[in-house]
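Coordinate inspection notes
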Amino acid sequence: MVPLWFYLVVSAALFAIGAYGALARRNAIAIVMSVELMLNAANINLVAFWRYLNPFEINGQIFAAFVFIVAAAEAAVGLALIIAIYRSRQTVIVEDVNMLKW
Amino acid sequence: MEITWQTIAFAAFAVMTLGGGLMVVLSRNLWHSALFLMLSLFGTSGLFVLLVAPFLAAVQVLVYIGAIAILVLFAIMLTRRMMGLEETQNTQWPAAAAVALVLFLILFVTVSPLVDEQWFKDILGGDKKDGLGQRISTLNADLPVDPDAKDSGVVANEDLNIVTVEAIGEALVTRDGFVLPFELASILLTAALIGAIVVAREDEA
């Protein structure tokens, strides 16, 4: 069986990729996609630790399922906000949406 | 550790997840980014299968690929004018790359104790156990152990009770289980649903 740290390294790399995307992309939809990548990395970690440390308890899987729920809510609200911004300002470039910046 | 089908499958799914993720972040065409996001999510689903979490793998495909990725595709289509940007990365991308690299290194250093004991010592023929490996062994001391990884103390796939949908559903609605977070999640989803509709709705003037 593949050792635990394989999963941890993949998860760490995926999280770093998502963090880069969230910081460097200009399009707000691309940023939402990067955040989804980071949530996925966290989920890989949760399930891997459940499998390797405590596979006879159900808690780890439930925890990951709640991450799914939060990710779904986050994507729905985030994309709705992006569409609302596009409607009022005709852009989804985050640098152009800086009304709250002083 | 010899190469088994699990190792090969893990490598394939890991490449899928990370390659897809990398293309999400680097692709110049936003539509391609969304499709690569689907590939990456599918790779994650495969990793869940390897971790013996079939329910989560199915939910991953249904919720992430079937709902969230489709939602992203719709959002891209609704903001179509923004697809062909000349510059997809902002001016601070070198700093962002540095932050991401440092983050990865921190995480890697955090898991490196595991790397040492379970991989390189196996390769070099050592059998010393300490740290987390020892703790895994003591946690599962009275349980059958994966014969492929004798010293790791991890329970073998064959000796695992697969967590069924039934068991998860029961855990979600019993008082000793997770009924309160389950109800809170319902409220969160309802609030997100209503909020998304209200925010994205066109003002009827």
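Please read these numbers as outputs of a predicted model, since none were measured by experiment.

The next thing to look at is the overall build of chain A. Along its length, chain A carries 3 helices and 0 strands. Secondary structure elements of chain A occur, N-terminal to C-terminal, as α-α-α. Over its C-alpha trace chain A gives a radius of gyration of 17 Å, far above what one expects of a compact globule, namely 13 Å for 102 residues. With the C-alpha coordinates of chain A rotated into their principal frame, the extents come out at 50 × 25 × 20 Å. Every one of the 102 residues in chain A was classed for burial, and the buried ones make up 63%. Look at the contacts in chain A between residues 6 or more apart in sequence, and 50% of them connect residues 24 or more apart.

Moving on to the overall build of chain B. A tally of helices and strands in chain B yields 7 helices and 0 strands. The order of helices and strands in chain B, counted from the N terminus, is α-α-α-α-α-α-α. Buried positions account for 26% of the 205 residues belonging to chain B. Considering only contacts in chain B between residues 6 or more positions apart, those separated by 24 or more positions represent 39%.

Our focus in this paragraph is the nonpolar core. By size, the foremost hydrophobic cluster in this structure holds 83 residues, and its most contacted members are Ile29(A), Met33(A), Val47(A), Leu79(A), Ile82(A), Leu37(B) and Val72(B). Counting only elements with at least two residues in this core, the list comes to helix 1 (4–24), helix 2 (28–53) and helix 3 (59–89) of chain A together with helix 1 (5–26), helix 2 (30–50), helix 3 (54–78), helix 4 (93–123) and helix 7 (179–200) of chain B.

Even without glycine at this site, Gln90(A) takes up a positive phi of about 55°. Inspection of the secondary structure puts Gln90(A) in the segment after helix 3. A tally of 11 C-beta atoms within 10 Å means that Gln90(A) is categorised as exposed. Its identity is not glycine, yet Val52(B) carries a phi of approximately 60°, on the positive side. In this fold, Val52(B) is placed in the loop between helix 2 and helix 3.

Let us now look at the environment of Leu51(B). Considering the arrangement of structural elements, one finds Leu51(B) in the loop between helix 2 and helix 3. We classify Leu51(B) as buried; it has 25 C-beta atoms within 10 Å. In this structure Leu51(B) touches Val47(A), Ala48(A) and Arg51(A), once residues within four positions along its chain are discounted.

Glancing now at the domain arrangement of chain B. What the domain assignment lists for chain B is domain 1 (1–85), domain 2 (96–162) and domain 3 (164–205). When each unit is reduced to the centre of its C-alpha atoms, the spacing between domain 1 of chain B and domain 3 of chain B is 24 Å.

For the rest of this paragraph, the subject is the packing of helix 3 of chain A against helix 3 of chain B. Contact geometry of helix 3 of chain A with helix 3 of chain B gives a least axis separation of 10 Å together with a crossing angle of 5°. By the angle between their directions, the pair helix 3 of chain A and helix 3 of chain B is classed as roughly parallel. Of the residues in helix 3 of chain B, those in contact with Gln61(A), Ala64(A), Ala65(A), Phe68(A), Ala71(A), Ala72(A), Ala75(A), Ala76(A), Leu79(A), Ile82(A) and Ile83(A) of helix 3 of chain A are Phe55(B), Leu56(B), Val59(B), Val63(B), Ala67(B), Ile68(B), Leu71(B), Val72(B), Ala75(B) and Leu78(B). The residue inventory of the contact of helix 3 of chain A with helix 3 of chain B, partitioned by class, reads 20 nonpolar, 1 polar and no charged.

Moving on, we come to the confidence of the model for chain B. Residues and elements named next belong to chain B. On average, residues of chain B score 81 in pLDDT, and 79% of them reach the 70 mark or higher. Mean pLDDT per element in chain B: helix 5 (residues 131–139) is the minimum at 53, and helix 2 is the maximum at 94. Ignoring residues within four places in sequence, the model shows residues 126–131, a span with pLDDT below 50, making 11 contacts including any to other chains. The ipTM, which scores confidence in the relative placement of chains, is 0.93 for this predicted complex, and the corresponding pTM is 0.85.

This part is about the interface of chain A and chain B. The partner chain B presents 80 residues to the 63 residues of chain A that form the contact. Among the secondary structure elements, those contributing two or more residues to the side of chain A that touches chain B are helix 1, helix 2 and helix 3 of chain A. With 20 residues, the single largest contributor to the side of chain A that touches chain B is helix 3 of chain A. Here the residues of the side of chain A that touches chain B sort into 52 nonpolar, 6 polar and 5 charged.

All names here are of chain A. For tryptophan 50, the position within the fold is in helix 2. A count of 24 C-beta atoms within 10 Å places tryptophan 50 in the buried class. Here the alpha-carbon distance between tryptophan 50 and tryptophan 102, two residues 52 residues apart in the chain, equals 45 Å. Apart from residues lying up to four places away in sequence, tryptophan 50 is in contact with Pro55, Gly60 and Gln61.

Moving on: the environment of Arg201(B). All names here are of chain B. Locating arginine 201 in the fold gives a position in the segment after helix 7. Residue arginine 201 is classed as exposed on the basis of its C-beta count, with 12 C-beta atoms lying within 10 Å. Expressed as a C-alpha distance, the spacing of arginine 201 and methionine 82, which sit 119 residues apart in the sequence, is 20 Å.

Quick notes on the rules
- Residues numbered from 1 in each chain as written.
- Chains lettered and ligands numbered in written order.
- Predicted model: local features only at pLDDT ≥ 70, side-chain atom pairs only at ≥ 80, totals over all residues.
- Helix = DSSP H or I, 4+ residues; strand = E, 2+ residues; numbered from the N terminus.
- Rg over C-alpha atoms; globule rule 2.2 N^0.38 Å.
- Buried ≥ 20, exposed ≤ 12 C-beta atoms within 10 Å, placed from the backbone.
- Contact = placed C-beta atoms within 7 Å.
- Core = buried A, V, L, I, M, F, W, Y, C linked by C-beta atoms within 7 Å.
- Domains from an automatic or database assignment.
- Axes fitted to C-alpha atoms, helices over the stretch in contact; angles between N-to-C directions.
- Parallel < 35°, antiparallel > 145°, perpendicular 65-115°, else oblique.
- Nonpolar A, V, L, I, M, F, W, Y, C, P; charged D, E, K, R; others polar.
- pLDDT = per-residue confidence, 0-100.

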